[in-house]
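Now for the letters of each chain:
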Amino acid sequence: MQFRDHRLPNGLEIIAECNPDAYSAAIGFFVNTGSRDENPELAGVSHFLEHMAFKGTPTRTAADVNRELDEIGSHANAFTSEEQTVYYAAVLPEWQGRAVDILSDILRPSLRDDDFELEKQVILEEIAKYDDQPPFGAGEKCMAMHFGSHPLGQSVLGTADSVGALTPALMREYFERRYSPANIALVAAGNVDFDALVADARQRCGDWPCLPVQRNMAPVSASLGFEVISRATAAQQYVVQIADGPAIEDKDRYAGRLLATILGDESGSRFFWELVDTGLAECASITPYEFQRAGVFMTFLCCAPEDTEQNLERMYDILHEAERHGVTDAELTRAKSKVCSQVVLQGERPSNRLFSVGGSWIARREYRTVRDAVESYRAVTVAQIHELIRQYSLTRCTTVAVGPLPDLNPGRFAPPRT
């Protein structure tokens, strides 16, 4: 296993975790842009642009792109998050060059007006569908309330109004500004020929014009609240709660992930044994989300409407108990075993390592091996978990409930009066 990196004169970074014993290679372009980099008028443009990248280039039609990805037997796709847009393909090693050729080409899309208007309707339907099916956008609504006017509160999809008002000219301006090679990393993992990867990148991406680009790193200030949104057609009640947590740069992010596993993993956690195993809830979980200079613990509850208030009380008791008495050595040991096993098992696939290597490099300019990650988890102590709990109160949270209930007693989750 070897980590290698290179930077082209125009700023494009090329990094790879090379493993000659792997049977496949995964290649991706990581663009350091997402909904966090949009103003309210452009909300959703990063995700929209991801769709447009597959609609054709000056040298390939949309059909050509899809056909050629099929011809090399790739598992290819793209996604947009709050802070990244990623285009990737997992292939057999002999198709590395073709994969770079296709992916680099779609990163310079035609952005034709006709394609733009057709794809806009697809995005608007996606927004409507997402808001009209369980959990009815509860997570995005809770993020919006928690982060307030901060860009992290914006939905990755955008809104019907913001997407509806987008124009091809606005998208092209955003593309020129954010898809600068200095804001992109070409990442590979697995059985990679790094010298060939650099040569292909130089040939296909070396003439991309470089513009200065930066991210607005405005500080985050949580806006706590409690909101109930009535959906008479819903069969169950969905509750999302968000509390502050470690950021992606924070070393205590490992302790945060272990704490979430102990309290709210989908199996074997305190939430599971109290709420799910007993049949009181269909789902009760905690997931940490880490961003640059900000992070959250997101708690999710799905249950019968009539059980919601009692389940919220049970959740509060579990979280409050952790705040008062912490966790046990046995719980931490089990959580470490579970998380470390997941890290190792997932790390056996180059496609999984691609996202780990690329995401870490984009966010922190740091390369960490599977062994590094495992050792970081194993080094966490009960004392560090307790310090984390003192720093981040899981009972001090923003709550959004969506379902048939017209109202809901916030109980002890009521935000403090100001």
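To be clear, the structure that these remarks concern was listed above.
Residues numbered from 1 in each chain as written. Predicted model: local features only at pLDDT ≥ 70, side-chain atom pairs only at ≥ 80, totals over all residues. Heavy atoms only, no water.

As a further point, take the overall build of the chain. Secondary structure assignment for the chain yields 15 helices and eleven strands. Taken over C-alpha atoms, the radius of gyration comes to 22 Å for the chain, in line with the 22 Å a tight globule of 418 residues would show. In terms of overall dimensions, the chain has C-alpha extents of about 60 × 50 × 35 Å along its principal axes. In the form shown here, the chain has an accessible surface area of approximately 18,700 Å², with 50% of it arising from carbon and sulfur atoms. Looking at the chain, you have 40 positive and 60 negative side-chain charges, and the mean spots of the two groups are 5 Å apart. (Helix = DSSP H or I, 4+ residues; strand = E, 2+ residues; numbered from the N terminus. Rg over C-alpha atoms; globule rule 2.2 N^0.38 Å. Areas by Shrake-Rupley, 256 points an atom, 1.4 Å probe, with all protein chains shown as cover. Lys, Arg positive; Asp, Glu negative; His and termini not counted. Charge placed at Lys NZ, Arg CZ, Asp CG, Glu CD.)

Let's shift gears to the sheet that holds strand β5 (residues 85–91). For sheets, the rule is that strands pair by backbone hydrogen bonds, running either parallel or antiparallel. The mixed open sheet is built from six strands, whose spatial order is β1-β2-β6-β3-β5-β4. A strand with exactly one partner marks an edge of an open sheet, and here the two such strands are β1 (2–7) and β4 (75–80). The average angle at which neighbouring strand axes cross in this sheet is 15°, direction not considered. Bridge count between β1 and strand β2 (residues 13–18): six bridges; the pairing is antiparallel. Residue pairing across strands places D5 opposite I15, the latter belonging to β2. Where helix α13 (residues 350–364) meets the sheet, its contacts fall on β1, β2, β3 (25–31), β4, β5 and β6 (184–190), and the angle it forms with β3 comes to roughly 30°. (Pairing = 2+ DSSP bridges. Axes fitted to C-alpha atoms, helices over the stretch in contact; angles between N-to-C directions. Contact = heavy atoms within 4.5 Å.)

Turning next to the environment of N183. Assignment of secondary structure puts N183 in the loop between α7 (168–178) and β6. Excluding residues within four positions of it along the chain, N183 makes contact with F30, V31, N32, T33, R178 and V213. Separated by 3.0 Å, the side chain of N183 and the backbone oxygen of R178 make a polar contact. (Polar contact = N/O pair within 3.5 Å; in protein donor to acceptor, adjacent residues only side chain to side chain.)

Taken in spatial order, the five strands of this open sheet run β7-β11-β8-β10-β9, and their pairing is mixed. Two strands bound the open sheet, and with one partner strand each, they are β7 (226–230) and β9 (283–291). Put simply, the sheet's adjacent strands are angled 15° from each other on average, direction ignored. Sheet topology places β9 next to strand β10 (residues 294–303); nine bridges connect them, and they run antiparallel. By the bridge assignment, P288 is partnered in β10 with F297.

Our focus in this paragraph is the packing of helix α2 (residues 62–71) against helix α3 (residues 96–106). Running from amino to carboxyl end, α2 crosses α3 at an angle of 160°, the nearest separation of the two axes being 10 Å. Between α2 and α3, the crossing angle belongs to the class labelled roughly antiparallel. Our pair here, α2 against α3, has a crossing hand that is left-handed. Residues V65, E68, L69 and E71 of α2 pack against R98, I102 and I106 of α3. Its residues placed into classes, the contact of α2 with α3 shows four nonpolar, no polar and three charged. (Parallel < 35°, antiparallel > 145°, perpendicular 65-115°, else oblique. Left-handed = near helix turned anticlockwise from the far one by under 90°. Nonpolar A, V, L, I, M, F, W, Y, C, P; charged D, E, K, R; others polar.)

Tallied over the entire structure, the rule returns 16 aromatic pairs. A centroid spacing of 4.9 Å and a plane angle of 85° characterise the contact between Y254 and Y377, whose relative ring orientation is edge-to-face. On the criterion of sequence distance, the pair formed by Y254 in helix α9 (residues 253–264) and Y377 in helix α14 (residues 370–378) is long-range, its members being 123 residues apart. Overall, the relative accessible area of 5% leaves Y377 in the buried class. (Phe/Tyr/Trp six-rings, centres within 6.5 Å; stacked < 30°, edge-to-face > 60°. Buried < 20%, exposed > 50% of the residue type's maximum accessible area, 1.4 Å probe, protein only.)

Take the pairing of β3 next. Buried residues dominate β3, accounting for seven of its seven residues. Of the two faces of β3, the one lined by A25, I27, F29 and V31 and the one lined by A26, G28 and F30 are each fully buried. Where β3 and β5 come together, seven bridges link them in antiparallel fashion. Paired with F29 across the strands is Y87, a residue of β5.

Turning next to helix α15 (residues 382–391). Of the positions making up α15, those classed as buried are V382, I385, L388 and I389. All buried residues of α15 project into a common sector of 120° when viewed along the axis, lining one side. Along α15, exposed side chains directed more than 90 degrees from the buried face belong to A383 and R390. Buried residues along α15 sit in contact with α9, β10, α11 (308–325) and α12 (329–347). (Arc of directions from axis to C-beta.)

Given 3.6 residues to a turn, an α-helix orients residues that are three or four positions apart in the same direction. The buried count for α3 comes to eight of eleven residues, which makes it a mostly enclosed element. Listed as buried for α3 are Q96, A99, V100, I102, L103, S104, D105 and I106. In this structure, the buried side of α3 is in contact with β3, α2, β5 and α8 (194–205).

By themselves, these are just geometric observations and shouldn't be taken as functional.
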